[in-house]
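Each chain, written out:
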Amino acid sequence: MYRRPIFAANWKMNKGPSDTEAFAKSFLNKLTGRQTSDIVIAAPFISLAVLTEALRDGRGIEVAAQNCSQFDDGAYTGEISVKMLREILVRHVIIGHSERRSIFGETNAIINAKMIKARQVGLKLIFCIGETLEERNAGKLESILRSQITEGLEGITAHDLEDSVIAYEPVWAIGTGVTASAEQAQEAHAFVRSVITDLYGAEVSGKLRIQYGGSVKPNNAAELMACPDIDGALIGGASLDAQSFYDIIQNGSPS
Ligand code: 13P
């Protein structure tokens, strides 16, 4: 089954509107040929409107938010609703990133509520899962991934999943410079796909794109993307520089 790769930049809490505009200009200047992968950029909320405007040139790069509220409009100080994101033409939302889980206390239930809310307005999900080093060393890799997937996707339909990707990001590989080996990543991706097969059947799981995230760089992208169950990447640090994000896409995309 052919799956078009999808590369997404996750800038985290970096780049205000002016840095965002400069990045978009520089990145678009590099993207001259035909692209064989989908490209998404997840900017901080305050930079999203500038980014959607800067990328409106028809080359198909889509914009993602890094989070959303699980609530509708109302008395939720500091939150951003999914309707607001749609209003400024945001297409995707990252939900369940390990930094949201560990620093901001998001549980599988909160993550699930956000995913349901995002789908109500048609936002495409970038659903992040991954184990800590302690969990991996304790032999809990599969049970952690299975519960994150099962609880996170409660009420999410096969149709919703057609518009979504799962990002497998081992927590120990995020921002550490320690990438999962291609074998470790492939093994986890194959397991994630098997859980999706259990829940939704082989047709849905065969179509689902699963991104790898965690210290992806221009020099390791090709090896990771060559693995049969890895269908793109979610890139943090190395996506902050237009050249390095571009190089990852070029090195990891089919020719
Ligand atoms: P790094 O690429 O900086 O390791 O971050 C990965 C990540 O968390 C992307 O969401």
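Look a little higher up for the structure.
Before going into details, it helps to say that this report is about the structure given with it. (Residues numbered from 1 in each chain as written. Predicted model: local features only at pLDDT ≥ 70, side-chain atom pairs only at ≥ 80, totals over all residues. Heavy atoms only, no water.)

## Things to note about the overall build of the protein
Point 1. On a plain count of helices and strands, the protein comes out with twelve helices and eight strands.
Point 2. For 255 residues, the compact-globule estimate of 2.2 N^0.38 gives 18 Å, and the protein sits close to it at 17 Å.
Point 3. Expressed as lengths along the three principal axes of its C-alpha atoms, the size of the protein is roughly 45 × 45 × 35 Å.
Point 4. Going through the 255 residues of the protein one by one, you find that 53% of them count as buried.
Point 5. Nonlocal contacts in the protein, meaning residues at least 24 apart in sequence, comprise 74% of its contacts between residues at least 6 apart.
Point 6. For the protein, the computed accessible surface area is about 11,300 Å², with 52% contributed by carbon and sulfur atoms.
Point 7. Charged side chains in the protein number 25 positive and 31 negative. The centres of these two groups are separated by 4 Å. (Helix = DSSP H or I, 4+ residues; strand = E, 2+ residues; numbered from the N terminus. Rg over C-alpha atoms; globule rule 2.2 N^0.38 Å. Buried < 20%, exposed > 50% of the residue type's maximum accessible area, 1.4 Å probe, protein only. Contact = heavy atoms within 4.5 Å. Areas by Shrake-Rupley, 256 points an atom, 1.4 Å probe, with all protein chains shown as cover. Lys, Arg positive; Asp, Glu negative; His and termini not counted. Charge placed at Lys NZ, Arg CZ, Asp CG, Glu CD.)

## A look at the site of the ligand
Point 1. If you check the shell around the ligand, you find 13 residues, and the closest are Lys12, His97, Gly175, Ser215 and Gly237.
Point 2. Note that an oxygen atom of the ligand is positioned 2.8 Å from one of the side-chain N or O atoms of His97.
Point 3. Here Gly175 contributes a backbone N or O atom positioned 2.6 Å from an oxygen atom of the ligand.
Point 4. When isolated, the ligand has an accessible area of 310 Å², and the protein chains bury 96% of it.
Point 5. In terms of residue class, the shell around the ligand is built from four nonpolar, seven polar and two charged. (Near = heavy atom within 4 Å. Polar contact = N/O pair within 3.5 Å; in protein donor to acceptor, adjacent residues only side chain to side chain. Nonpolar A, V, L, I, M, F, W, Y, C, P; charged D, E, K, R; others polar.)

## Re the pattern of salt bridges
Point 1. Enumeration over the complete set of coordinates arrives at 19 salt bridges.
Point 2. A salt bridge links Asp73 to Lys83; the nearest nitrogen and oxygen atoms lie 2.8 Å apart. Taken as a pair, Asp73 in the loop between β3 (62-65) and α3 (82-87) and Lys83 in helix α3 lie far apart in primary sequence, ten residues in all.
Point 3. On the basis of relative accessible area, Asp73 is assigned to the partly exposed category, the value being 42%.
Point 4. Taking the shortest distance from any N to any O, the salt bridge between Glu106 and Lys114 comes out at 2.7 Å. Each member of the pair, Glu106 as well as Lys114, carries the same accessibility label: buried.
Point 5. Each of Arg3, Arg193, Asp229 and Asp231 takes part in one network of salt bridges that share partners. (Salt bridge = Lys/Arg side-chain N within 4 Å of Asp/Glu carboxyl O.)

## Structural notes on helix α12 (residues 242-252)
Point 1. Within α12, burial applies to Ala242, Ser244, Phe245, Tyr246, Ile248, Ile249 and Gly252.
Point 2. Among the structural elements, β1 (6-10), α1 (17-30), β2 (38-42), α11 (221-225) and β8 (232-235) are those in contact with the buried residues of α12.

## Considerations on the pairing of strand β6 (residues 165-168)
Point 1. The two faces of β6 match: Val165 and Ala167 on one face and Ile166 and Tyr168 on the other face are all buried.
Point 2. Alignment of strand β5 (residues 124-129) against β6, held across four bridges, turns out to be parallel. By the bridge assignment for β6, Cys128 is matched with Ala167.
Point 3. Where β6 lies against strand β7 (residues 209-213), four bridges are found, and the strand directions are parallel. Considered in β7, the bridge of Ala167 is made with Gln211. (Pairing = 2+ DSSP bridges.)

## Side note on the sheet that holds β1
Point 1. Within the closed barrel, the eight strands sit side by side as β1-β2-β3-β4-β5-β6-β7-β8. Their pairing is parallel. Mean inter-strand twist for the sheet, computed between neighbouring axes without regard to direction, equals 25°.
Point 2. Looking at chain direction, β1 and β8 are connected through four bridges and run parallel. Paired with Ala9 across the two strands is Ile235, which belongs to β8. (Axes fitted to C-alpha atoms, helices over the stretch in contact; angles between N-to-C directions.)

## What about the packing of aromatic side chains?
Point 1. For the structure on display, the rule yields five aromatic pairs.
Point 2. Judged by centre distance (4.8 Å) and plane angle (70°), the rings of Trp11 and Phe23 are edge-to-face. Linking Trp11 in the loop between β1 and α1 with Phe23 in helix α1, this pair joins segments that are twelve residues apart in sequence. For the pair shown, Trp11 and Phe23 are each scored as buried.
Point 3. A centroid spacing of 5.2 Å and a plane angle of 25° characterise the contact between Phe27 and Phe245, whose relative ring orientation is stacked. (Phe/Tyr/Trp six-rings, centres within 6.5 Å; stacked < 30°, edge-to-face > 60°.)

## So, the side chain of Ser215
Point 1. Relative to the helices and strands, Ser215 resides in the loop between β7 and α11.
Point 2. Take Ser215: its relative accessible area is 9%, and that puts it in the buried class.
Point 3. When residues no more than four places from it in sequence are discounted, the contact partners of Ser215 are Ala173, Gly175, Thr176, Gly177, Val178, Thr179 and Asn220.

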